[in-house]
Structure formats: structure tokens, C-alpha cells
Amino acid sequence: MSNNCWICGKQDSTLFRCRFCGKTFCVEHRLPERHACEGLEHQKKYGFTKSPGDGSNYSNFDTEGIFKNMFKETAKKASKGLAFSFLNKIKKWATKSPTIAIIIICIASYIIGNLIITNVIGINYFALLGLPANISQILVKPWTILTHIFVHSNFAHLFLNMFVLFFFGNEFEKRFGKQRFLTVFFLAGIFASIGFALITTTPFPLVGASGAVIGIFAALAILVPDLPIFVFFIPMRIKHAIILLIGIEFLFFIVNTQDMIAHSAHLIGMVVGILMGFWIKRTISMYRTSTRNEYVRRW
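Only a predicted model underlies this, so the values are computations on that prediction, with no experimental measurement involved. (Residues numbered from 1 in each chain as written. Predicted model: local features only at pLDDT ≥ 70, side-chain atom pairs only at ≥ 80, totals over all residues. Heavy atoms only, no water.)

Colleague: Would you mind showing me how to read the pairing of strand β8 (residues 234-237) here?
Modeller: Taken residue by residue, a regular strand's side chains alternate between the two faces of the sheet. In this sheet, β8 lies alongside strand β7 (residues 228-231) in antiparallel orientation, the contact comprising four bridges. Counted as the bridge partner of F230 is P235 from β8. Hairpin connection, β7 to β8: the antiparallel pair is bridged by two residues, and F232 has positive phi, about 55 degrees. (Pairing = 2+ DSSP bridges. Helix = DSSP H or I, 4+ residues; strand = E, 2+ residues; numbered from the N terminus.)

Put into C-alpha cells, the structure is as follows:
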């Protein structure tokens, strides 16, 4: 070991050898930070220390540091891969099914509006108000006729609507196609909101996809009346369930319970869904008849 400090050249019998770079230093420069130790920087970057000399050999091999770096890099790549994989799956689901796309939009709007920002923004800019503010709001903010569908007041409201939409929306898509599903969904939601704005005399806002979801449910009850479902764990046909639902909603609407639920929007959504169900049934019947007649003519 040299008797001279590598920085100041001081000679001393009690010089210190740096375990990172292997050079000798006096008491004043013995710490790696005091002599700008290259070996320490190399260890921080690569997990092991270069030995003194030409750098071709290595000493003080830091196995723990290497494994830590490997673990960090692996975890980073794995988390990034999982994130991209999850996003790709969501994108794939959304492009294949409008039901899933609507559910994703509703969940995203709830997270952004209620958790990240504030519910006030959602109420002020995307919800639809009843009388006496409906005329001015529809003229100034016409987008609220549509955007209110994707805004929900609380988690229970969001969960119930999305739960029903997931099952009956997918069922409707599989049986009658995506285009018919979107037509029924948005017509029921828009007409339900307009009817609510014209009928309701209280100024509380309308938010949620209830009117549109009930429209899908009602249309499905007309198109597939014997479809078996469960209502509060009770098995029944969907045609009986829609009759029960109409009775409950009409009773609450007449009594005017002030329970902050838009029963008028629910009823209008059901009416639109029933009418659309009969219209779809008629178009399907006409198409089958024309196809059969064309087959007979060709034969």
C-alpha cells in the first residue's frame, strides 16, 4: 500500500485504503464522497466494484446488489407488461361489445368525476336538471341530454346500473345485434331525460343510465318474453318481471315519495323500450317473410 494520499500527496503511516476504488487516502480524504470515488459510482450503477488497474478484473463482487437490480428491472418490466396487457384487453372488449364500452366509459367518468376531481363538476356540466332550469340548460348545454347517461351519483348507483346492463345488454347484443342495441339504449336514455325535464318539478339533477338500461330490459321482454331471469333471487319470466317493474315504478311516481330517484325517467325509458321491442319484432318478421317469399319465387 502506498504511503501517499492519492488526493493531496500527504505521507502518513496511518493512510486508509478505499474499499471501492482501492486507492490510499489521508484522514481528510478517506470518505468516498471526499475523493469523488469512481468505484462507488460504478457499484451504484452496476452492482459491483472495479478492481484497481485496467478494469479488466473485478473485486468485492456485490451479489446482493446485482440481484436487487435484476429484481427491480424485472418487476418494472413485468408491471409495464401487465399494464399494457390489461389496456389491450380493455380495448379489445370495448371494440367488440358496445355494452362493455359503455360500462368502461361509465366507470371511468365516475372515477374521474367523483374520486379524482369532484362531483360538482359532473353535476354542473354533464347532468340534466329538471324544471324550472330544463329549458335554459338544454339550450345552453344541449350535450347534457346525452352525457347524463354516463354520470352516476354514487358507487351503489353505478354498480346497480352496470350490473343490469352487463347481463341484459350482452344478451340483447347476441340475439339482435350491436346496432339495434345502441339504437334502443340511446333512444331510451334520451327520451327518458327529455321526459324527466318536462315532467319533473323539482330541481335535482338527473344522472345515470337507468332510463337507457330499463329500455333495453323492456325491449328484451317484448322480443324474448319467456327468457328466465332472477329478480331478488326469485326465478321468473322476463315478461312477468317487466309488468312487476312497471307497477312499482308507476306506484312510486304517483305517490311522489321524494326519494331522489327519477321514476318518471324509468317509466319513459320502459315505454320507449317496449315500443322499440315491437318495432324490432316487426322488422324481423317482415325480413323473414320477404326472405321466404324470395326463396319461393326462386324455387
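Colleague: Would you mind going over the packing of helix α7 (residues 155-176) against helix α8 (residues 178-199) with me for this structure?
Modeller: The packing of two helices is summarised by the inter-axis angle and the distance between the axes. α8 packs onto α7 with a crossing angle of 130 degrees between their chain directions and a minimal axis gap of 7 Å. The pairing of α7 with α8 is recorded here as oblique in orientation. On α8, the residues touching L165, G169, F172, E173 and F176 of α7 are K178, R180, F181, V184 and F185. (Axes fitted to C-alpha atoms, helices over the stretch in contact; angles between N-to-C directions. Parallel < 35°, antiparallel > 145°, perpendicular 65-115°, else oblique. Contact = heavy atoms within 4.5 Å.)

Colleague: Help me out: how do you make sense of the nonpolar core in this one?
Modeller: Inside soluble globular proteins, nonpolar side chains tend to come together where they are buried. L165, F172, F176, F185, L220, I229 and I238 are the most contacted members of the largest nonpolar core, which totals 42 residues. Listed by contribution, the elements that provide at least two residues to this core are α3 (98-116), α7, α8, α9 (210-223), β7, α10 (238-255) and α11 (263-298). Ignoring sequence-local partners within four residues, the contact set of I238 consists of F168, F217, L220, A221, V224, P225, L227 and I229. (Core = buried A, V, L, I, M, F, W, Y, C linked by side-chain atoms within 4.5 Å. Buried < 20%, exposed > 50% of the residue type's maximum accessible area, 1.4 Å probe, protein only.)

Colleague: How should the environment of N170 be read in this particular structure?
Modeller: Mapping N170 onto the fold places it in helix α7. Residue N170 is classed as buried on the basis of its relative accessible area, which comes to 16%. Counting along the chain gives 71 residues from N170 to T99, while the straight-line C-alpha distance between them is 6.4 Å.

Colleague: Help me understand the confidence of the model for the protein, please; the structure alone is not making it clear to me.
Modeller: The predicted coordinates ought not to be read in detail in places where the model reports low pLDDT. The share of residues in the protein with pLDDT of 70 or more is 74%, and the mean pLDDT across the chain is 79. Mean pLDDT values over the elements of the protein span from 44, in strand β4 (residues 58-59), up to 95, in α9. Scored below 50 in pLDDT, residues 51-61 shows 18 contacts in the model against residues more than four places distant or in partner chains. (pLDDT = per-residue confidence, 0-100.)

Colleague: Is there a simple way to explain unusual backbone geometry in this structure?
Modeller: Trans is the common state for peptide bonds, and a negative phi is the common state for residues other than glycine. Positive phi, close to 55 degrees, is recorded for F232, a residue that is not glycine. Structurally, F232 can be placed in the loop between β7 and β8. For F232, a relative accessible area of 74% translates into the label exposed.

Colleague: Which parts of the structure should I look at to understand a positive patch on the surface?
Modeller: A grouping of K89, K92, K96 and K178 is seen on the molecular surface, where their side chains present a positively charged patch. With three residues, the single largest contributor to the positive patch is helix α2 (residues 63-96). Within the secondary structure, K89 is located in helix α2. (Patch = residues over 30% accessible without salt bridge, like charges linked within 9 Å, V, L, I, M, F, W, Y side chains within 5 Å. Areas by Shrake-Rupley, 256 points an atom, 1.4 Å probe, with all protein chains shown as cover. Salt bridge = Lys/Arg side-chain N within 4 Å of Asp/Glu carboxyl O. Lys, Arg positive; Asp, Glu negative; His and termini not counted. Charge placed at Lys NZ, Arg CZ, Asp CG, Glu CD.)

Colleague: Would you mind showing me how to read the packing of α9 against α10 here?
Modeller: Two numbers describe how α9 lies on α10: the axes approach to 8 Å, and their chain directions differ by 135 degrees. Classed by the angle they form, the pair α9 and α10 counts as oblique. Read as a crossing pair, α9 and α10 show a hand that is left-handed. Between α9 and α10, the contacting residues are I214, F217, A218, L220 and A221 on the first element and I238, A241, I242 and L245 on the second. Among the residues making up the contact of α9 with α10, the classes are represented as nine nonpolar, no polar and no charged. (Left-handed = near helix turned anticlockwise from the far one by under 90°. Nonpolar A, V, L, I, M, F, W, Y, C, P; charged D, E, K, R; others polar.)

Colleague: Is there a simple way to explain the packing of aromatic side chains in this structure?
Modeller: By convention here, two paired aromatic rings are described through the distance between centres and the angle between planes. In this structure the tally under the stated criterion is 10 aromatic pairs. For the ring pair F150 and F186, a centre distance of 6.5 Å and an interplane angle of 55 degrees mean the geometry is tilted. On the criterion of sequence distance, the pair formed by F150 in the loop between α6 (144-147) and α7 and F186 in helix α8 is long-range, its members being 36 residues apart. What makes F150 buried here is its relative accessible area of 15%. Looking at F186, the relative accessible area reads 24%, which means it is partly exposed. A centroid spacing of 5.0 Å and a plane angle of 70 degrees characterise the contact between F163 and F167, whose relative ring orientation is edge-to-face. Remark: F167 and F163 occur in helix α7; sequence separation between them is four residues, near one turn of the helix. Since its relative accessible area comes to 46%, F167 is described here as partly exposed. (Phe/Tyr/Trp six-rings, centres within 6.5 Å; stacked < 30°, edge-to-face > 60°.)

Colleague: For this particular structure, what's the right way to read the pattern of salt bridges?
Modeller: When their charged atoms lie close together, side chains carrying opposite charge are able to pair. Tallied over the entire structure, the rule returns two salt bridges. The salt bridge partner of E171 is R175, with a shortest N-O separation of 2.6 Å. Of this pair, E171 and R175 both sit in helix α7, four residues apart, which is roughly one turn of the helix. Given the relative accessible area of 24%, E171 is considered partly exposed. Here R175 falls in the partly exposed class, since its relative accessible area comes to 43%. With a closest N to O distance of 3.1 Å, K239 and D226 form a salt bridge. Of this pair, K239 sits in helix α10 while D226 is found in the loop between α9 and β7, placing the two residues 13 residues apart along the sequence. Accessibility expressed as a relative area gives 43% for D226, which makes it partly exposed.

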